[in-house]
Amino acid sequence: MAILEIRTLGDPILKSRAAEVTTFDAELARLVDDMLETMRAAPGVGLAAPQVGRLIRMFVWDDAEDHGAMVNPKITWFSEETEEAEEGCLSVPGFYFPVARSVSVKVRARRPDGTHVDVTAEGFRARVFQHEIDHLDGILFIDRLAPDLRKEAMRNLRDHDFGMSPPPSKPAKTL
Ligand code: ZN
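Residues numbered from 1 in each chain as written. Predicted model: local features only at pLDDT ≥ 70, side-chain atom pairs only at ≥ 80, totals over all residues. Heavy atoms only, no water.

Q: What is the right way to read unusual backbone geometry from this model?
A: Leave glycine aside and you will find that most residues have negative phi; peptide bonds, for their part, are mostly trans. With an omega dihedral of -5 degrees, the bond running from Ala-42 to Pro-43 counts as a cis peptide bond. Mapped onto the secondary structure, Pro-43 falls in the loop between α1 (26-41) and β1 (46-48). Even without being glycine, Ala-64 reaches a positive phi, approximately 80 degrees. With respect to the element layout, Ala-64 can be found in the loop between β2 (58-62) and β3 (67-78). A positive phi angle, near 50 degrees, is found at Asn-72, a position not held by glycine. With respect to the helices, strands and loops of the structure, Asn-72 is situated in strand β3. Owing to a relative accessible area of 13%, Asn-72 belongs among the buried residues under this scheme. (Helix = DSSP H or I, 4+ residues; strand = E, 2+ residues; numbered from the N terminus. Buried < 20%, exposed > 50% of the residue type's maximum accessible area, 1.4 Å probe, protein only.)

Put into structure tokens, the structure is as follows:
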């Protein structure tokens, strides 16, 4: 396994639409393992292939209760009910903004071995799935903010080199 480089805001790959996966082989399985390791080391709870420079429709996730990889995921149903909560992204390090998401979604996808799967996700997991599937369409969580908040977020990001030099979020403990 290997730790992969995580692309950050400003990298054009994060704004690109990823391609469907057509080959379910050992190389794909290895990428899943590497992405899980990279995500856990970061640490994060979700990571999409474009974030590690691979423009394919796949993401990995681990929310402590369960983990896995979704290939060619498609949201087939969004709940009308939405919820706003703080969200962050490994490609926008150090920044957290409130994003409204559906509280539950149904997702049709394939596993890395090619088998089909239909899952219903709720709460935090539904949020993770929506965030990661957005990545596959070149959409970042800051693109989901209300216009005023997005303007403020972009100003904040610009002041910090677009996430290349994150703000000192929490002061270090002095002894
Ligand atoms: Zn993200």
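Q: Can you help me understand the coordination of the zinc ion in this one?
A: In an ideal octahedron of six donors the angles at the metal are 90 or 180 degrees, and in an ideal tetrahedron of four donors they are 109.5 degrees. On the protein side, the zinc ion has Cys-89 (SG), His-131 (NE2) and His-135 (NE2) as donor atoms, found 2.0 to 2.2 Å from it. The sequence pattern describing where the donors of the zinc ion fall on their chain is C-x41-H-x3-H. Here Cys-89 is found in the loop between β4 (82-87) and β5 (97-102), whereas its partner His-131 is found in helix α2 (residues 123-136), with 42 residues between them in sequence. (Donors = N, O, S within 2.8 Å, 3.2 Å for Na, K, Ca; no water.)

Q: Can you walk me through the packing of aromatic side chains in this structure?
A: Each pair of aromatic rings is reported with the distance of its centres and the angle of its planes. In total, this model carries 4 aromatic pairs according to the counting rule given. Considering the side-chain rings of Trp-61 and Phe-129, the 5.2 Å spacing of their centres and the 75 degrees angle between planes classify their relative orientation as edge-to-face. Of this pair, Trp-61 sits in strand β2 while Phe-129 sits in helix α2; the two residues are 68 residues apart in sequence, bridging distant segments of the chain. Both residues of the pair, Trp-61 and Phe-129, belong to the buried class. When the centroid spacing of 6.1 Å and the interplanar angle of 35 degrees are considered together, the rings of Phe-97 and Phe-141 count as tilted. (Phe/Tyr/Trp six-rings, centres within 6.5 Å; stacked < 30°, edge-to-face > 60°.)

Q: I tried to follow α2 on my own but got confused; where do I start?
A: Because the α-helix completes a turn every 3.6 residues, residues three or four places apart line up on one side. Helix length check: α2, at 14 residues, gives a terminal C-alpha distance of 21 Å against a target of 20 Å (1.5 Å per residue), a fit within 8%. Counting buried positions over the 14 residues of α2 gives 11, a clear majority of the element. Those residues of α2 that fall on the buried side of the exposure criterion are Ala-126, Arg-127, Val-128, Phe-129, Gln-130, His-131, Glu-132, Ile-133, Asp-134, His-135 and Leu-136. Where α2 terminates, the next one or two residues include Gly-138, which has phi positive at roughly 75 degrees. (Expected span 1.5 Å × (residues − 1).)

Q: Please clarify how the pattern of salt bridges should be interpreted in this entry.
A: Pairs may arise between side chains of opposite charge once their charged atoms sit close together. The final tally for this structure, using the stated rule, is 15 salt bridges. One salt bridge in this structure joins Asp-143 and Arg-150, with 2.8 Å as the shortest N-O distance. A residue is classified by how much of its surface remains accessible, and Asp-143, at 26% relative accessible area, is partly exposed. Owing to a relative accessible area of 30%, Arg-150 belongs among the partly exposed residues under this scheme. What you see here is one network of salt bridges that share partners, running through Glu-87, Arg-101, Arg-127, Asp-134 and Arg-144. (Salt bridge = Lys/Arg side-chain N within 4 Å of Asp/Glu carboxyl O.)

Q: Mind showing me how you'd approach helix α3 (residues 147-159) here?
A: For α3, spanning 13 residues, the distance from its first C-alpha to its last is 18 Å, which sits close to the expected 18 Å at 1.5 Å a residue. For α3, every residue scored as buried is listed here: Ala-153, Met-154 and Leu-157. Buried residues of α3, viewed axially, fall in a sector of 100 degrees; they line one side. In this structure, α3 carries Asp-148, Lys-151 and Asp-159 as exposed residues pointing more than 90 degrees from its buried face. Where the residues of α3 are buried, they touch β5. Looking one or two residues beyond α3, the residue adopting positive phi is Asp-161, at roughly 50 degrees. (Arc of directions from axis to C-beta. Contact = heavy atoms within 4.5 Å.)

That's the geometry; what it means functionally is another story.
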